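Residues per chain, in single letters:
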Amino acid sequence: MGEQIFNITELAQEFDITTRAIRFYEDQGLLEPERAGQRRIYNRRDRVRLMLILRGKRIGLSLQEIRELFALYDAAHDDAPQLQEFIRILERKELQLLTQMEDIKVVLTEIGQLRGQCEKALGKRANGHNQAKEL
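Now for a description of the structure that goes with this document. This is a predicted model, so every value here is computed, not measured.

1. Examining unusual backbone geometry
And then number 1: Of note in the backbone geometry, D16 takes a positive phi value of approximately 55° without being a glycine.
And then number 2: With respect to the helices and strands, the residue D16 is situated in the loop between α1 (8–15) and α2 (19–27).

Written out as structure tokens, the structure reads:
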């Protein structure tokens, strides 16, 4: 039984991305489809790599970090070095996101305070305007 193959349109539809995005990842050296004339033929490995690229992007990994993980995996006879590096990358990303979350909480508090001050100022202005009309 032969290996399952995919064309670029099938992968684009499966992962809900454009064919241009897939070609971009190919240009970046992250995917290496075979060629049959002008046609690209993607195998199971390419499909898995595309899935990993998209997952990596979703959690905020750079293409360089994804490339490094792929290089580790390709060079290693076991996946322990890749997994250890992936853990380090994930720890850095987690710390970065936690820091951003704290920053966002501070900004949201400040926004709430500013909105309250503006609403209070508008309330005073509306009350003053109503009192002026009564006179």
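2. A few points about the layout of surface pockets
And then number 1: Space inside the largest pocket adds up to approximately 450 Å³.
And then number 2: Taken together, 17 residues make up the lining of the largest pocket; nearest its centre are V48, L52, F70, Y73 and Q82.
And then number 3: Elements that contribute at least two residues to the lining of the largest pocket include exactly α3 (44–58), α4 (63–75) and α5 (80–134).
And then number 4: No other element matches α3, which puts seven residues into the lining of the largest pocket.

3. Describing the pattern of salt bridges
And then number 1: What the rule picks out here adds up to eight salt bridges.
And then number 2: For E26, the salt bridge goes to R35, with nearest N and O atoms at 2.8 Å.
And then number 3: Note on E26: relative accessible area 14%, which makes it buried.
And then number 4: The exposure class assigned to R35 is partly exposed, which follows from its relative accessible area of 46%.
And then number 5: Between R88 and E85 there is a salt bridge, with the nearest N and O atoms lying 3.1 Å from each other. Here E85 and R88 lie together in helix α5, a separation of three residues that amounts to about one turn.

4. Some details on the pairing of strand β3 (residues 39–43)
And then number 1: Extensive coverage of β3 is indicated by the burial of four of its five residues.
And then number 2: Summarising the sheet, strand β1 (residues 5–6) and β3 pair through two bridges and their orientation is antiparallel. Looking at the pairing, F6 lines up with Y42 of β3.
And then number 3: Pairing of strand β2 (residues 34–36) with β3, which is carried by three bridges, proceeds in the antiparallel orientation. Within β3, the residue paired with E34 across the bridge is I41.
And then number 4: Taking the residues between adjacent antiparallel strands as the criterion, β2 and β3 are bridged by two residues, where G37 takes a positive phi near 70°.

Rules of the game
Residues numbered from 1 in each chain as written. Predicted model: local features only at pLDDT ≥ 70, side-chain atom pairs only at ≥ 80, totals over all residues. Heavy atoms only, no water. Helix = DSSP H or I, 4+ residues; strand = E, 2+ residues; numbered from the N terminus. 1 Å grid on protein atoms, 1.4 Å probe; cavity = no way out; pocket = protein on both sides within 12 Å on 5 of 7 lines; lining within 4 Å. Points joined across faces, edges and corners; volume = space filled by probe spheres on them. Salt bridge = Lys/Arg side-chain N within 4 Å of Asp/Glu carboxyl O. Buried < 20%, exposed > 50% of the residue type's maximum accessible area, 1.4 Å probe, protein only. Pairing = 2+ DSSP bridges.

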